[in-house]
Amino acid sequence: MHALTGFSLVSLLSFGYLSWDWAKPSLVADAPAEAGDQPSAAPRQPPHIIFILTDDQGYHDVGYHGSDIETPTLDRLAAEGVKLENYYIQPICTPSRSQLLTGRYQIHTGLQHSIIRPRQPNCLPLDQVTLPQKLQELGYSTHMVGKWHLGFYRKECLPTRRGFDTFLGSLTGNVDYYTYDNCDGPGVCGFDLHEGESVAWGLSGQYSTLLYAQRVSHILASHSPRRPLFLYVAFQAVHTPLQSPREYLYRYRTMGNVARRKYAAMVTCMDEAVRNITWALKRYGFYDNSVIIFSSDNGGQTFSGGSNWPLRGRKGTYWEGGVRGLGFVHSPLLKRKRWTSRALVHITDWYPTLVGLAGGTASAADGLDGYDVWPAISEGRASPRTEILHNIDPLYNHARHGSLEGGFGIWNTAVQAAIRVGEWKLLTGDPGYGDWIPPQTLAAFPGSWWNLERMASARQAVWLFNISADPYEREDLAGQRPDVVRALLARLADYNRTAIPVRYPAENPRAHPDFNGGAWGPWASDEEEDEEEEESRARSLSRGHRKKKCKICKLRSFFRKLNTRLMSHRI
């Protein structure tokens, strides 16, 4: 055990809400409902579902969490709906998106390690029914706008083949907000904006946040409110690169830290895009029978302007700052409004919850790890969820001080894993950098003050926290409660017995955009995929027969670890 230096900081004042006329008559021309009309007790049809996902937005970076960033739309929607303050996501992009669309933990999709890189022959498993496919079966029109990041090496992996009627957005993890170029290493660059299954060269030059909001408005304008609609809006914002229209930057001209200033401008621009989407829902007659869900995809990247304060850690870690999400539900259909829910909710829960709202059924019998949490959100009932497997990643760098003996012979504590059961959270292996990082308000960041609450290098591989009593993970109880540690290690072992092999194939040079007209897109045929799987199995077998003492193996291991560290910062 080691002591951490205490450090108290003055909380930052929020700018508060901006004045906003929420329902201007000119913007709600098609609003049915006079003041004297009584709405029906139940919707006449399944509700329209609008799921808004932001990228790398930190836990602290919303007005109602006391941020210095202006988010009047999100503040208003959350205040009038249900704030989810015990809501969990995954620490990086692909895992959160895969669990949202499949309702399954990463260990049950083979995506438990890192992200899907642009040149990898990998994608969301084709044998699993996605959320939009399920909603299509229930009569929904389904549309996606924004970032996919679930693989595209075959056409069968594309959004339009996985349940979406239409798609406008990027296939890779991050692109330039104006040019839509993405580089996956020196000289490996390509254009990445697609409409359907075609490259959308003609849309280059438009800022993606505004382009995506505009496309949502066009979809609503051309769709009949009488047919149920599922809109998945996965903003690129506020992922790097830090780019924003100038008018938003001007609002934060007095903010000393340049990265924080650009990041804040991007958040406020995204907030206004959400306002425009909400106005369109009202204008075209969708709002009264709609459910709007807002969620971040992982913790904020503190080196790029984000803040998860006062939570510990950042994007890419299993500390609360990496996995505690921003989330709320806004809907006229909520039975209980204007309250804060402490019910335990995980991103896998949206699959069965939304299928249930649509009139279908989905449960553990279908292989799902999520639960229907609508009664908990809408009525304030107890959540059916009592635990969360944050992840088990057998490929991540093993912790030097972990061992099977250290895990009571139950679990190898060198393996990166994290689990929440009731009030308790257990982490093993290397959870990632465990700093407490205040919002970057100073011009010079990081400065010498960074070390005031910097996590010292720990000679341990097991941590235990009572998250209900200690949400900031400041008091490690692993030494005091070995009984709880044993119980949670046993749960990890139980989950691990259900895990499927990790799918993280080597990159394929055929994916280079130069072979696809300068754009990122599918490159593999069915035959090539079969060959890739055979090669992957052969590599796995050869790894099992390598000698333990091998100089070249040690060098490879060293550079693999170094690359993982570098990619952790890049991701």
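A brief structural summary. Nothing here was measured: the structure is a model prediction, and the numbers come from that model.

### Let's talk about the packing of helix α4 (residues 208-222) against helix α6 (residues 258-283)
Thinking step 1. Following both chains from N to C, one finds α4 and α6 inclined at 5°, their axes separated by 9 Å at the closest point. Taken together, the axes of α4 and α6 lie roughly parallel to each other. The residues of α6 that touch α4, namely those facing Thr209, Leu210, Ala213, Val216, Ser217 and Leu220, are Cys269, Met270, Ala273, Asn276, Ile277, Ala280 and Leu281.
Thinking step 2. For the contact of α4 with α6, a count of residues per class yields 10 nonpolar, three polar and no charged.

### Observations regarding the state of the cysteines
Put plainly, a disulfide is one covalent bond tying together the sulfur atoms of two cysteines.
Thinking step 1. Tallied over the entire structure, the rule returns two disulfides.
Thinking step 2. A sulfur-sulfur distance of 2.2 Å marks the disulfide that ties Cys123 to Cys157. Handedness of the Cys123-Cys157 disulfide follows from its S-S torsion of about -60°: it is left-handed. Pair noted here: Cys123 is in the loop between α2 (93-102) and α3 (131-137) and Cys157 is in the loop between β4 (141-147) and β5 (166-170), with a separation of 34 residues, a long-range link. The two residues Cys123 and Cys157 agree in class, both being buried.
Thinking step 3. Paired by a disulfide, Cys183 and Cys189 hold their sulfur atoms 1.9 Å apart. Disulfide Cys183-Cys189: torsion about the S-S bond near 110°, hence right-handed.

### Examining the pattern of salt bridges
Thinking step 1. The tally for this structure, following the rule as stated, stands at 26 salt bridges.
Thinking step 2. Here Asp56 and Lys315 are joined by a salt bridge, their closest N and O atoms 2.9 Å apart. Of this pair, Asp56 sits in the loop between β1 (48-54) and α1 (72-80) while Lys315 sits in the loop between β11 (290-296) and α7 (320-323), and the two are 259 residues apart along the sequence.
Thinking step 3. Here Arg154 and Glu156 are joined by a salt bridge, their closest N and O atoms 3.5 Å apart.
Thinking step 4. By relative accessible area, which is 7% here, Arg154 ends up buried.

Calculation rules
Residues numbered from 1 in each chain as written. Predicted model: local features only at pLDDT ≥ 70, side-chain atom pairs only at ≥ 80, totals over all residues. Heavy atoms only, no water. Axes fitted to C-alpha atoms, helices over the stretch in contact; angles between N-to-C directions. Helix = DSSP H or I, 4+ residues; strand = E, 2+ residues; numbered from the N terminus. Parallel < 35°, antiparallel > 145°, perpendicular 65-115°, else oblique. Contact = heavy atoms within 4.5 Å. Nonpolar A, V, L, I, M, F, W, Y, C, P; charged D, E, K, R; others polar. Disulfide = S-S within 2.5 Å. Buried < 20%, exposed > 50% of the residue type's maximum accessible area, 1.4 Å probe, protein only. Salt bridge = Lys/Arg side-chain N within 4 Å of Asp/Glu carboxyl O.

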